[in-house]
Amino acid sequence: MLKRFSSYFAQSMMQSKLKEALKIQRLDAPVTYGVDASKPYLLYMHVPFCHDFCPFCSFHKFKYDALNAKSYFRSLREELFILKRLGFSFDRLYIGGGTPFVDPKELFQTIRVAKELFDIKEVSCESSPASIDRERVYEAKGLIDRLSIGVQTFDDTLLKRMGRYERYGSSKELQRKIESLQGILPTISLDLIFNFPAQSEAMLREDLRIAKALGSEQITTYPLMRSSLMKESIKNTFGEDEGIKEWMLYQAIRDEMSEYNLNNAWAFAKEKSALSDEYVVHYPEYVGVGSGAFSAFNDRLYVNAYSLSEYLQCIKDRRHAIIAQTPVFSPKQQVQYAFLLELFSRSLDMERFNARFGICVEKMFSIELWWLESNHAIRKEGGVIYTTLFGDYLCATMMKTFYSGMDLVRAYLSKTFYQNAS
Ligand SMILES: C[S@@+](CC[C@H](N)C(=O)[O-])C[C@H]1O[C@@H](n2cnc3c(N)ncnc32)[C@H](O)[C@@H]1O
Ligand code: SF4
């Protein structure tokens, strides 16, 4: 009960901080910003097409259409040239969606262009299980280093409920497919979601056992995010929220995954790795290309054009597709954000943190640290703050709230400016 209260408290604190920080303003003129040419940023590329929509997913997307997708990929490549001319340099590329593999030829061509223009050392790409097979993954050899496959669950009842059983195959078919993809690329990562209403601890443990047996290098276990945009759809598909289950399920995950390393509170890896789905953790500054992509640099958040037509027009006009931004985050907000990200990564070196921001973390966060310590969520040792199992859970719920907060931006943009975004 106390744990549940602490988690609600942490999430509501996070929500109010996000509301304060994410005050999106639409720009009436093309964006202007300075670029630090000496700094390699992470490049995020958004591919917003899906053949069908899943009832839990609020990511920015459109129904797949072959012609639209082709002209979209052409524009993505153009946008890369625009960023090159603006002076950006990138060393890592993360491709998310939607479904980046909707058109593999176009996707591969776009990665090649990114690699020709920038000194990109690693490429991570999301995929739905339906859009890949052994042949396609072989073609991606040398282009993609890490493939993150959205499995969500291996439970047939849940797969049926979310409509993925018919579209992407049964649990057994998914397992056979994933097995056939192992060993081609350096890293295969599986995305699972936990805490679906109607998902029992036994079902989740079985998901994890299957995922481990498939030999994947990385496994990410997302807590189900119920943002304002998806609440109704999740309720109608899976039933009412059973808030009490989440902590119990998180403990089961940690128990099942004990032989893996934790990259952060919800990402498990056989080897510790900088390349995970939480690129925002390792790369607080990233630049987004594509419709609806976010960028974070120069201490603010930027958003690219949401509608396809506006995005394509921006690129035709040869300008970065940013159409909205937040105010510059205050120094306090920047430190708070870094504090969350470090704890989400499970340790915070106080001396390093103090030197980075010119503050005293123990003074600035005295109340938060007292609260976390009294809840047995952190412990201090040798100048480092470490999260405990419960601390990891709290950070996972706060990150969940942070990601759901991005939906505030999506909801605001689609309501205020567009009717045709997803
Ligand atoms: C943007 S999706 C792209 C994945 C790919 N299109 C697919 O369907 O497999 C990336 C991941 O976000 C996670 N995700 C999406 N909606 C979520 C939600 N409401 N709660 C938790 N995780 C979610 C899923 O695990 C998904 O695999
Ligand atoms: S989970 Fe993947 S396939 Fe499903 S709607 Fe989201 S992006 Fe599309």
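Residues numbered from 1 in each chain as written. Chains lettered and ligands numbered in written order. Predicted model: local features only at pLDDT ≥ 70, side-chain atom pairs only at ≥ 80, totals over all residues. Heavy atoms only, no water.

### Overview of the overall build of the chain
For step 1, the next point in the chain: Across its full length, the chain carries 17 helices and 18 strands.
For step 2, the next point in the chain: Computed over C-alpha atoms, the radius of gyration of the chain comes to 21 Å, within 12% of the 22 Å expected from 2.2 N^0.38 for 422 residues, which places it in the range of a compact globule.
For step 3, the next point in the chain: Each principal axis of the C-alpha atoms in the chain carries an extent, and together these give about 55 × 50 × 40 Å.
For step 4, the next point in the chain: Within the chain, buried positions represent 58% of all 422 residues.
For step 5, the next point in the chain: Considering only residue pairs separated by 6 or more positions, the chain has 73% of its internal contacts joining residues 24 or more positions apart.
For step 6, the next point in the chain: Counting every atom, the chain has about 17,800 Å² of accessible surface; 52% of that belongs to carbon and sulfur. (Helix = DSSP H or I, 4+ residues; strand = E, 2+ residues; numbered from the N terminus. Rg over C-alpha atoms; globule rule 2.2 N^0.38 Å. Buried < 20%, exposed > 50% of the residue type's maximum accessible area, 1.4 Å probe, protein only. Contact = heavy atoms within 4.5 Å. Areas by Shrake-Rupley, 256 points an atom, 1.4 Å probe, with all protein chains shown as cover.)

### Comments concerning the packing of aromatic side chains
For step 1, the next point in the chain: Tallied over the full model, the rule gives 30 aromatic pairs.
For step 2, the next point in the chain: Pairing tyrosine 33 with phenylalanine 88 gives two aromatic rings, centres 5.8 Å apart and planes at 55°, and the pair type is tilted. Pair noted here: tyrosine 33 is in the loop between β1 (25-26) and β2 (40-47) and phenylalanine 88 is in the loop between α2 (66-86) and β5 (89-97), with a separation of 55 residues, a long-range link. This pair shows no difference in class: tyrosine 33 is buried, exactly as phenylalanine 88 is.
For step 3, the next point in the chain: Ring geometry for tyrosine 222 against tryptophan 266: centres 5.5 Å apart, planes inclined by 65°, an arrangement best described as edge-to-face. Of this pair, tyrosine 222 sits in strand β9 (residues 218-223) while tryptophan 266 sits in the loop between β10 (261-264) and β11 (267-269), and the two are 44 residues apart along the sequence. Each member of the pair, tyrosine 222 as well as tryptophan 266, is classed as buried.
For step 4, the next point in the chain: Taken together, the aromatic side chains of Tyr33, Tyr41, Phe88, Phe90, Phe118, Phe297 and Tyr302 make up a single cluster linked through ring pairs.
For step 5, the next point in the chain: Positioned above the aromatic ring of phenylalanine 53 is the side chain of lysine 61, whose terminal nitrogen or guanidinium carbon lies 5.0 Å from the ring centre.
For step 6, the next point in the chain: Lying across the ring of tyrosine 165, lysine 160 places its NZ or CZ 4.6 Å from the centre. (Phe/Tyr/Trp six-rings, centres within 6.5 Å; stacked < 30°, edge-to-face > 60°. Lys NZ or Arg CZ within 6 Å of the ring centre and 35° of its normal.)

### Points about the sheet that holds strand β17 (residues 378-381)
For step 1, the next point in the chain: As summarised here, the arrangement of the three strands in space is β16-β18-β17, forming an open sheet in which the pairing is antiparallel. This sheet does not close on itself; its edge strands, each paired only once, are β16 (347-349) and β17. Strand-to-strand twist across the sheet, computed as the mean angle between neighbouring axes with direction ignored, equals 20°.
For step 2, the next point in the chain: Where β16 and strand β18 (residues 384-387) come together, three bridges link them in antiparallel fashion. (Pairing = 2+ DSSP bridges. Axes fitted to C-alpha atoms, helices over the stretch in contact; angles between N-to-C directions.)

### Comments concerning the site of ligand 1
For step 1, the next point in the chain: As a structural note, the neighbourhood of ligand 1 is formed by 19 residues, with Phe56, Gly97, Gln152, Asp191 and Met225 the closest of them.
For step 2, the next point in the chain: Contact between ligand 1 and glycine 150: an oxygen atom at 3.3 Å from a main-chain N or O atom of the residue.
For step 3, the next point in the chain: Within the contact set of ligand 1, an oxygen atom lies 2.9 Å away from a side-chain nitrogen or oxygen of aspartate 191.
For step 4, the next point in the chain: By residue class, the composition of the shell around ligand 1 is nine nonpolar, seven polar and three charged. (Near = heavy atom within 4 Å. Polar contact = N/O pair within 3.5 Å; in protein donor to acceptor, adjacent residues only side chain to side chain. Nonpolar A, V, L, I, M, F, W, Y, C, P; charged D, E, K, R; others polar.)

### Examining helix α9 (residues 231-238)
For step 1, the next point in the chain: Listed in full, the buried residues belonging to α9 are Ile234, Thr237 and Phe238. Seen along its axis, α9 keeps its buried residues to an arc of 75°; they face one direction. Across from the buried face of α9, at angles greater than 90 degrees, the exposed residues are Lys231 and Asn236.
For step 2, the next point in the chain: Tucked into the core, α9 has its buried residues touching α5 (156-161).
For step 3, the next point in the chain: Positioned one or two residues after α9, glycine 239 has a phi angle of 105°, which is positive. (Arc of directions from axis to C-beta.)

### A short note on the pattern of salt bridges
For step 1, the next point in the chain: Inspection of every chain in the model, using the stated rule, returns 25 salt bridges.
For step 2, the next point in the chain: The partner of arginine 167 in a salt bridge is aspartate 52, and the shortest N-O contact between them spans 3.7 Å. With arginine 167 in helix α6 (residues 164-168) and aspartate 52 in the loop between β3 (49-50) and β4 (62-63), this pair connects stretches of sequence that are 115 residues apart.
For step 3, the next point in the chain: Overall, the relative accessible area of 27% leaves arginine 167 in the partly exposed class.
For step 4, the next point in the chain: For aspartate 52, a relative accessible area of 30% translates into the label partly exposed.
For step 5, the next point in the chain: With a closest N to O distance of 2.8 Å, lysine 400 and glutamate 246 form a salt bridge. Note that lysine 400 is positioned in helix α17 (residues 389-417) and glutamate 246 in helix α10 (residues 245-256), a separation of 154 residues in sequence. (Salt bridge = Lys/Arg side-chain N within 4 Å of Asp/Glu carboxyl O.)

### Overview of the environment of proline 104
For step 1, the next point in the chain: With respect to the element layout, proline 104 can be found in helix α3 (residues 104-117).
For step 2, the next point in the chain: Between the alpha carbons of proline 104 and valine 137 there is a distance of 9.6 Å; along the sequence they are 33 residues apart.

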